[in-house]
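# Topology and contacts: notes
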Amino acid sequence: MHFFAPTNVFIEKNCVENHKKELLALGTRAFIVTGRHSAKINGSLDDVLSVLKEASVACQIFSDIEENPSVETVAKAAEIGKEFQADFVIGIGGGSPLDAAKAIALLIANPEETSDCLYVSKPLKALPIAAIPTTCGTGSEVTPNAVLTRHAFKTKKSISYNLYPDLALVDGRYLSHASHNLLVNTAVDALAHLVESRLHIKSNIYNHMFSEYGLSMWKTLIPYLKGETQPDETTYETLMLTSTVAGMAIAQTGTSLPHALSYEITYNHGVPHGKACGYFLAAYMEDYAKTRPEDVEKVLSLLGFDSLEASRTFLNGLLGKCQITAEELELYADNMMANPSKLSTYPFEITRDGIITILKKSVAIG
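About the thresholds
Residues numbered from 1 in each chain as written. Predicted model: local features only at pLDDT ≥ 70, side-chain atom pairs only at ≥ 80, totals over all residues. Heavy atoms only, no water. 1 Å grid on protein atoms, 1.4 Å probe; cavity = no way out; pocket = protein on both sides within 12 Å on 5 of 7 lines; lining within 4 Å. Points joined across faces, edges and corners; volume = space filled by probe spheres on them. Helix = DSSP H or I, 4+ residues; strand = E, 2+ residues; numbered from the N terminus. Nonpolar A, V, L, I, M, F, W, Y, C, P; charged D, E, K, R; others polar. Pairing = 2+ DSSP bridges. Axes fitted to C-alpha atoms, helices over the stretch in contact; angles between N-to-C directions. Patch = residues over 30% accessible without salt bridge, like charges linked within 9 Å, V, L, I, M, F, W, Y side chains within 5 Å. Areas by Shrake-Rupley, 256 points an atom, 1.4 Å probe, with all protein chains shown as cover. Salt bridge = Lys/Arg side-chain N within 4 Å of Asp/Glu carboxyl O. Buried < 20%, exposed > 50% of the residue type's maximum accessible area, 1.4 Å probe, protein only.

On to empty space enclosed by the protein, then. Sizing a probe to match a water molecule and rolling it over the atoms shows the empty space that remains. A full pass over the atoms with the stated rule returns 3 cavities of 30 Å³ or more. Of the volumes computed, that of the largest cavity is approximately 70 Å³. Surrounding the largest cavity, Gly-278, Tyr-279, Ala-282, Ala-283, Arg-312, Leu-315, Asn-316, Leu-319, Gly-320, Lys-361 and Ser-362 form its lining. Going through the elements one at a time, α11 (273–279), α12 (281–289), α14 (308–319) and α17 (352–362) are the ones with two or more residues in the lining of the largest cavity. At 4 residues, the largest contribution of residues to the lining of the largest cavity is made by α14. Here the lining of the largest cavity is composed, by residue class, of 5 nonpolar, 4 polar and 2 charged. Of the voids in this model, the second largest cavity is the one considered here, and its volume is about 50 Å³. Around the second largest cavity, the lining residues are Leu-191, Val-195, Trp-218, Leu-281, Met-285, Leu-303, Phe-305, Ser-311, Phe-314 and Leu-315. Take the lining of the second largest cavity: its biggest share by element is 3 residues, from α14.

In a beta sheet, neighbouring strands are held together by backbone hydrogen bonds and run either parallel or antiparallel to one another. Taken together, the 6 strands give an open sheet; going across it, the order is β1-β8-β5-β4-β2-β3, and neighbouring strands pair in parallel fashion. Edge positions in the open sheet fall to β1 (8–11) and β3 (58–62), since each of these has one partner strand only. Each adjacent strand pair in this sheet contributes to an overall mean axis angle of 15 degrees, direction not counted. Bridging between β1 and strand β8 (residues 167–170) involves 4 bridges; their strand directions are parallel. Bridging from a neighbouring strand, Val-9 pairs with Ala-168 of β8.

Looking now at a nonpolar patch on the surface. Side chains of Met-1, Phe-3, Ile-205, Tyr-206 and Met-209 sit close together on the surface and give an oily, nonpolar patch of about 550 Å² of accessible area. Classification of Ile-205 as exposed rests on a relative accessible area of 52%.

Now the structure itself:
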């Protein structure tokens, strides 16, 4: 067994102000990576700028990170960061800005490289990275992964480097400005992390601690996610903590088939990432239960479902279904079978017919 968690993590109210010493220790010229709107609305950007201004730390903001950020956007941002001579990077936002920040920190630190290096393993190091999540699904603040859109290949893929943030500042307050729909979609991403980590070839006692604790917390959020209760400060804190714990779980294992299949749905159908992952969870657990039913029963029990069908009904009601064509069904199965790194995360042999079955049970074909 192996356990590795290098990120310095703080989870509390007013986290940025409380731990400005740790943030400022990362460097003297900050390159801030964020999306176009949310960081300004939820107060996270102002919190960071206040700390930097107080310490007279120079900063440059790049706020053009799109949902599912592309290699091209990352390369553009890195050029601006190089010109600014940044010596550390601060990612603020959901998974898109946080993942982009990691790749940007790598490119700035290696000015002789082009974006082609992102998918070629080299002995490269990145600038120090601080991650400040403002959604409740990514877990990127505690994982080494950075998933980018590769338009040339019409898909999403994690870069070839393990880049853990040096510092994670996690504050549930930032969720209070997010829509219910956004929080549902990102919370389902956290659920996928918890399920896929627990049902994974690398699963062991260490990540069980994170995934099982995270699943038990996710259960308490179901009434809110279904729209039965109104959120309060505790709701936001639990959503954020569950997301970070889920990130800690996949940091030990990585994700599995639902994430791999979700990239097709997100890229080709514009479905938000967490929602796309959620489509495949019930069918994934059903296939897994053929060999290890006790593991799936444990997951379902922690979530409060008395059967696999109950979890399927819940997810279908929460997410609905995406429709793909028969031709896309065949293409996505072929693409999955051509992805040995993701297939290897599944503890059991799975055939193309098995992938077809998971697809058919997860999305509508028409």
